[in-house]
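# Residue-level structure breakdown
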Amino acid sequence: MASTGKQTTDEPETAVETARRQLERAAAHLDVDPGVIARLKHPDQVHRVSVPLKRDDGDTEIFTGYRAQHDSVRGPFKGGMRYHPGVTEEECIGLSMWMTWKCAVMDLPFGGAKGGIVVNPKELSNEEKERLTRRFAEELRDFIGPMRDIPAPDMGTDAQAMAWFMDAYSMQEGETQPGVVTGKPPVIGGSYGREESPGRSVAIIAREACEYYDYPLEDTTVAIQGFGSVGANAALSLHEWGANVVAVSDVNGAIYDEDGLDIDRIPTHEEKPEAVTTFDGHEPIPNEELLELDVDVLIPAAIGNVLTEANARDVQADIIVEGANGPTTTTADEIFEKRDIHVIPDILANAGGVTVSYFEWLQDINRRQWSLERVNEELESEMLNAWDSVRAEVEERGVTWRDAAYIVGLSRIADAHNARGLWP
Ligand code: NAD
């Protein structure tokens, strides 16, 4: 769990527990039919499939795959597909619920899904990964599709896996169906700007939070944990917009310079994996120290459960923008609320990924590619709309940013359920 190395007393909740607790907290602020809340506590469907794989040595091995589909009242299911030894049915259900809230906060016409295969992708050859992905696509074929459920990359899967998945699905359907998955390479219907989008949205929301709390960007110091896709892209945008990014880290440690780091020169995870601490002229500091630096904005963008009861009282940032999914435990959240530290939640801040996935799906359906400029402009506008909706709830109800985001999401989902009704 936490990378802080400190002993924590608050156990991280499971994804389902977190999703249900947030649902109840948001429901307490709204006049929602209890029947709708009861429905939202459970996924619509969970598919469990066996995926046989012929290994390179000729042996056949059976892997287990899941696809949890939570709620489709606002549109097709949407969510990632991970290859990881720790994938479980329970985790897929919880993460599918998070996706429902995330899509609703962004006002996207999707409901939440999540899936994956219980497998360590590092133990597969490229050819084995391809065969496994194609067979998984076939096993799920009846339950997915551009109008039903649209998977995307997640831990252990990438654009190439999406290309194989899309190809297998299309071959069986007898027609090219790029809209069955997002996160594909642009040459087969992927969107420009999709890879950078979660980090970019984190930067947009951090910028808006700074403006809201009166921190001029050029005088603002930022520390970012994790220099992967989310962390590095958030760092690059904030640096470009004039913020002073003073600390970044990867799994090996952090680097800190109170005068600001030359972010453009630090190799990203893609360019040279885990090389932050080798960047010249900076003495590495431990990752846990980064979280407690005296900065204006802290962006945890690596893994979950890093802000805990053990370190929440030592955090010195005034604003926390969640880049990773679930970096703050419930107890830490309560401590931050008491300490008047504003926590802008993951379901808003890193939702640029699913938003550009939505753009990709629109491009696929219309068979028309958008330029990177258009993607970034539309992302900016969607993020600002979502920010405004959440800000309005913060101001009207005096709740935290997290509760406000869930209130926005739940009220949209509940309204849609009321309008459609329960059949029969
Ligand atoms: P990534 O693998 O590209 O990068 C992760 C980074 O975190 C790397 O720099 C790695 O060295 C660092 N890291 C790993 N373990 C660490 C530890 N114990 N302490 C400090 N640093 C550590 O991953 P990513 O795609 O950037 O995802 C980061 C987080 O953002 C995850 O929680 C992910 O679920 C979430 N997220 C990702 C996306 C996306 O599309 N990439 C979208 C939304 C949310």
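Preceding this paragraph is the structure being described.
Residues numbered from 1 in each chain as written. Predicted model: local features only at pLDDT ≥ 70, side-chain atom pairs only at ≥ 80, totals over all residues. Heavy atoms only, no water.

Right, let's talk about the packing of helix 12 (residues 372-397) against helix 13 (residues 401-420) for a bit. In contact at an axis separation of 8 Å, helix 12 and helix 13 are set at 115° when each is read in the N-to-C sense. Between helix 12 and helix 13, the angle falls in the class roughly perpendicular. In the packing of helix 12 onto helix 13, the handedness of the crossing is right-handed. Contact residues: helix 12 offers W387, S389, V390, R391, E393, V394 and R397, while helix 13 offers W401, A404, A405, I407, V408 and R412. Class assignment for the residues of the contact of helix 12 with helix 13 results in 8 nonpolar, 1 polar and 4 charged. (Axes fitted to C-alpha atoms, helices over the stretch in contact; angles between N-to-C directions. Helix = DSSP H or I, 4+ residues; strand = E, 2+ residues; numbered from the N terminus. Parallel < 35°, antiparallel > 145°, perpendicular 65-115°, else oblique. Left-handed = near helix turned anticlockwise from the far one by under 90°. Contact = heavy atoms within 4.5 Å. Nonpolar A, V, L, I, M, F, W, Y, C, P; charged D, E, K, R; others polar.)

Here D33 shows up in the loop between helix 1 (15-27) and helix 2 (34-40). What makes D33 partly exposed here is its relative accessible area of 39%. Along the backbone, D33 and W387 are 354 residues apart, and their C-alpha atoms lie at a distance of 26 Å. Among the polar contacts made by the side chain of D33, one reaches the main-chain amide nitrogen of G35 at a distance of 2.8 Å. (Buried < 20%, exposed > 50% of the residue type's maximum accessible area, 1.4 Å probe, protein only. Polar contact = N/O pair within 3.5 Å; in protein donor to acceptor, adjacent residues only side chain to side chain.)

Residues E195, E196, E270 and E271 make up a contiguous surface patch of negative charge. Secondary-structure assignment places E196 in the loop between helix 5 (159-173) and helix 6 (197-212). (Patch = residues over 30% accessible without salt bridge, like charges linked within 9 Å, V, L, I, M, F, W, Y side chains within 5 Å. Areas by Shrake-Rupley, 256 points an atom, 1.4 Å probe, with all protein chains shown as cover. Salt bridge = Lys/Arg side-chain N within 4 Å of Asp/Glu carboxyl O. Lys, Arg positive; Asp, Glu negative; His and termini not counted. Charge placed at Lys NZ, Arg CZ, Asp CG, Glu CD.)

Our next topic: the pairing of strand 5 (residues 149-153). Here strand 5 lies mainly inside the structure; 5 of its 5 residues are buried. The pairing of strand 3 (residues 77-84) with strand 5 spans 5 bridges and is parallel. From the neighbouring strand, F77 faces strand 5, where its bridge partner is D149. (Pairing = 2+ DSSP bridges.)

Take the site of the ligand next. Inspection of the region around the ligand gives 20 residues, with F227, S229, V230, V251 and E274 positioned closest. Measuring from an oxygen atom of the ligand, one finds a backbone N or O atom of V230 at 2.8 Å. Contacts to the ligand include V251, whose backbone N or O atom sits 2.9 Å from an oxygen atom. Across the complex, the protein chains shield 75% of the 840 Å² of accessible surface that the ligand would expose by itself. Residue composition of the shell around the ligand, by class: 8 nonpolar, 9 polar and 3 charged. (Near = heavy atom within 4 Å.)

This part covers helix 1. A rise of 1.5 Å per residue sets the reference length of helix 1, with its 13 residues, at 18 Å; its end C-alpha atoms lie 18 Å apart and thus fit the reference within 8%. Along helix 1, the residues classified as buried are A15, V16, T18, A19, Q22, L23, A26 and A27. Here the buried residues of helix 1 occupy an arc of 165° about the axis, which is enough to place them on one side. On the buried face of helix 1, the contacting elements are helix 2, helix 3 (89-105) and helix 13. (Expected span 1.5 Å × (residues − 1). Arc of directions from axis to C-beta.)

Any functional reading would require information that these geometric values do not contain.
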